[in-house]
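# Remarks on the overall topology
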Amino acid sequence: MAFPRCDQTVAWSALSGHFEAHGRDLDLRQVFADNPDRVQRLGIQAPEVFGDLSRVHWDVATLRHLLDLARECGLEARRDAMMAGEVMNTTEGRAVLHTALRAPRGQGPHSQQVHDVLDRMLAFVENVRTTAGGTAPGQITDVVNIGIGGSDLGPQMVVPALDAFVHPGLNFHFVSNADGQDLASVLRKVRPEHTLFVIASKTFTTQETMANAVAARQWFADHGGTDIARHFVATTTNVEAAAAFGITQTFGFWDWVGGRFSMWSAIGLPIALALGSSNFHAMLAGGHAMDEHFAQTSLAHNLPVLLGLMDVWYRNFKGYSSRCVVPYHHGLRRLPAYLQQLVMESNGKRVDAQGAPLPFGTSDVLWGEAGTNGQHAFFQMLHQGTDVVPVEFLLVRQPSYRAPGSMTPALRALLDQQHHMLLANGLAQAQALMWGKTAEEALGEAVPTAAPDMPAEAIAKHRTFPGNRPSLTLLMDEVTPRSLGALVVLYEHRTFVSGALWGINSFDQWGVELGKALCKDLLPRLCSGDTAGLDAATAAMIARLR
Ligand code: F6P
């Protein structure tokens, strides 16, 4: 596609000038004072998600330059090309059509095959759910998903996030690690006649997944399990390999669905088993609503576009190399792990789509933890450390703890109070990051612990907060299948936007291949002790390990 890479545009030069003149030293407290309507201007309502971009380190002029940059880089044409099924993943010669998985029946590319698999999968799901939790042999109580990366992280994130919607007779387990402890700890808890194993692998060749699948099959046979066809299903594009494994019930998808974009496909089977058909449809509909927002809303009001532009500004001008995602919703505790693959596998690239080395930074490091837990671990560094790390607060207006039958009004009132506590904590952290605390303010405070050997002024220095630390707040009314679908798609498209401006291929992942190949060589050496031809460090470590 004949559009320039971001650094080869006129807008980039203008943005550089703007950065030197206004961006480098921008102080949030000042821009708030200068612009009384900043909160209104920088509040964007997208489907199910409201974004407060007012505490982002930018001003209206920055945004204008970034929007010029997006236009000059052909962002809209690139977006339309992706959604129309053009080969965007050029190194693998593939289209990138996860959006088609969420399109209503009859709309979008490949609709017939998408909905054929979806219908078949959801019929299977309803069949399992009808008797789930029962005590008769064959009635399922436990679902064990065996998969890794994109064949694990989506279902593993969504099922706990939507705990309130999960079938009460079903327990869900997610096994991914090559470490046998992962599988063994799950097998201790389940019974063969009541367990459904989902072997999830796009390629059906991934080392860890195949090893865990073989071990699970062994355990099943060891414990008297006979009906593999009934207790093992596969979600894969490689139906032949699944059949060779002994699995007859397979739900397929296609090479135009990347692993990290696959929770909407058959890889979402555990999600559908947990939530049921109509909730799975609601999740797809939420995702589709965000697709429509991305495809149709003007760039200036388009939440994924604005967030992607923010990412470019932060990475390439402000110099921020990491971002911290903190969902103030316990169910969303695996969201940072999910987003790590989405963002860092997509945009962790050092050459552009043509193979030319990039003279600027790409993916930042994404990390995080549920609030309020993160506050008691790493927030010290966020407030007073030497590096500025933009923080993303995810707030949810309604609590979504499951109402147990035994919940008395008194308990309910206490938990409701805790929800206010949770929200107040999130608000307070964003406030503290932005406003900080001066040495004078700190001096005026009564210090709780006396430190007689230290002058009050010195203690006050430790108790100051620089402030002017940026954050973003994403607000949802409630975590439902629909809103969660929209939230995930918001992050997908945001990642696409920064990748498009950087001119990289956001859809391949060659960086994971070298380690895989080397591991194949080292595995037999660990058993035999043969270290011939190895580098000294690896050879010495093999000797110690044996
Ligand atoms: O880690 C590399 C990767 O290819 C991911 O992109 C993918 O999600 C994961 O491995 C699992 O692959 P598969 O679904 O083929 O087992």
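All values derive from a computational prediction rather than experimental measurement.

### Observations regarding the site of the ligand
In the vicinity of the ligand lie 14 residues, with Gly150, Ser151, Ser201, Thr203 and Thr206 positioned nearest. In this structure, Gly150 approaches the ligand through a main-chain N or O atom, which is 2.7 Å from an oxygen atom. In isolation the ligand has 400 Å² of accessible area, and contact with the protein removes 87% of it. More than half of the atoms of the ligand fall within 2 Å of the grid points belonging to the largest pocket. Taken together, the residues of the shell around the ligand sort by class into two nonpolar, nine polar and three charged.

### Here's the deal with the pattern of salt bridges
One side chain can pair with another of opposite charge once the charged atoms of both are near each other. This structure, assessed with the given rule, holds 27 salt bridges. Of the charged contacts in the structure, one is a salt bridge between Asp291 and Arg102, with a shortest N-O distance of 2.8 Å. With Asp291 in helix α13 (residues 277-296) and Arg102 in the loop between α5 (75-84) and α6 (111-131), this pair connects stretches of sequence that are 189 residues apart. Of the two residues, Asp291 and Arg102, neither departs from the other in class, the shared state being buried. The salt bridge partner of Glu392 is Arg494, with a shortest N-O separation of 2.6 Å. Taken together, the positions of Glu392 in strand β10 (residues 391-396) and Arg494 in helix α20 (residues 481-502) put the pair 102 residues apart, joining distant regions of the chain. Arg494 shares its class with Glu392; the two are buried. One network of salt bridges, with partners in common, ties together Asp311, Arg323, Asp364, Glu392 and Arg494.

### Here's the deal with the environment of Gly246
Locating Gly246 in the fold gives a position in the loop between α11 (239-245) and β7 (249-252). Assessed through its relative accessible area of 32%, Gly246 is described here as partly exposed. In sequence terms Gly246 and Ala229 are 17 residues apart; their C-alpha atoms lie 7.3 Å from each other.

### Focus on empty space enclosed by the protein
Taken as a whole, this structure holds two cavities of 30 Å³ or more when the rule is applied. Approximately 170 Å³ is the volume found for the largest cavity. As for the largest cavity, its lining consists of 22 residues, and the residues nearest its centre are Asp311, Tyr314, Arg323, Asp364 and Arg494. Contributing elements (two or more residues each) for the lining of the largest cavity: α14 (303-318), β8 (322-327), α15 (335-347), β10, β11 (471-476) and α20. When its volume is computed, the second largest cavity comes out at roughly 80 Å³. Looking at side-chain class alone, the lining of the second largest cavity contains ten nonpolar, two polar and no charged residues.

### Quick look at the environment of Asp80
Among the secondary structure elements, Asp80 is positioned in helix α5. Sequence spacing of Asp80 and Asp416 is 336 residues, and the spatial spacing of their C-alpha atoms is 44 Å.

### Re the domain arrangement of the chain
Partitioning the chain into structural domains gives domain 1 (6-90 + 285-400 + 413-443 + 455-502), domain 2 (111-275) and domain 3 (511-545). Computed from C-alpha coordinates alone, the two centres of domain 1 and domain 3 are separated by 40 Å.

### Thoughts on the pairing of strand β2 (residues 49-52)
In this sheet, β2 lies alongside strand β1 (residues 43-46) in antiparallel orientation, the contact comprising four bridges. In the strand pairing of β2, Gly43 is matched with Asp52.

### Looking at the side chain of His167
Relative to the assigned elements, His167 resides in the loop between α7 (153-161) and β4 (171-175). Here His167 falls in the buried class, since its relative accessible area comes to 14%. Of the polar contacts made by the side chain of His167, one reaches the backbone nitrogen of Gly169; its length is 2.8 Å. When sequence neighbours within four positions are dropped, the list of residues in contact with His167 reads Arg129, Ala132, Leu273 and Ala274.

### Observations regarding the sheet that holds β11
Ordered in space as β1-β2-β11-β10-β8-β9, the six strands form an open sheet in which the pairing is mixed. Looking at the sheet topology across the chains shown, the edges are occupied by β1 and β9 (365-368). Looking at each pair of strands side by side, their axes are set apart by 20° on average, direction ignored. Sheet topology places β10 next to β11; six bridges connect them, and they run parallel. Counted as the bridge partner of Leu395 is Leu475 from β11.

### Focus on the packing of aromatic side chains
Scanning the model with the defined rule gives 19 aromatic pairs in all. Measuring from ring centre to ring centre gives 6.0 Å for Tyr328 and Phe393, while their planes differ by 35°; the resulting arrangement is tilted. Placement of the pair is Tyr328 in the loop between β8 and α15 and Phe393 in strand β10, with a sequence separation of 65 residues. Residue Tyr328 is classed as buried on the basis of its relative accessible area, which comes to 0%. An aromatic cluster of at least three residues, connected via ring pairs, comprises Phe197, Phe204, Trp219, Phe220, Phe232 and Phe245. It is Arg38 that lies over the ring of Phe32; its NZ or CZ is 5.4 Å from the centre. A cation sits over an aromatic face here: Arg79 above Phe294, 5.9 Å from the ring centre.

Definitions and limits used
Residues numbered from 1 in each chain as written. Predicted model: local features only at pLDDT ≥ 70, side-chain atom pairs only at ≥ 80, totals over all residues. Heavy atoms only, no water. Near = heavy atom within 4 Å. Polar contact = N/O pair within 3.5 Å; in protein donor to acceptor, adjacent residues only side chain to side chain. Areas by Shrake-Rupley, 256 points an atom, 1.4 Å probe, with all protein chains shown as cover. 1 Å grid on protein atoms, 1.4 Å probe; cavity = no way out; pocket = protein on both sides within 12 Å on 5 of 7 lines; lining within 4 Å. Sits in = over half its atoms within 2 Å of the grid points. Nonpolar A, V, L, I, M, F, W, Y, C, P; charged D, E, K, R; others polar. Salt bridge = Lys/Arg side-chain N within 4 Å of Asp/Glu carboxyl O. Helix = DSSP H or I, 4+ residues; strand = E, 2+ residues; numbered from the N terminus. Buried < 20%, exposed > 50% of the residue type's maximum accessible area, 1.4 Å probe, protein only. Points joined across faces, edges and corners; volume = space filled by probe spheres on them. Domains from an automatic or database assignment. Pairing = 2+ DSSP bridges. Contact = heavy atoms within 4.5 Å. Axes fitted to C-alpha atoms, helices over the stretch in contact; angles between N-to-C directions. Phe/Tyr/Trp six-rings, centres within 6.5 Å; stacked < 30°, edge-to-face > 60°. Lys NZ or Arg CZ within 6 Å of the ring centre and 35° of its normal.

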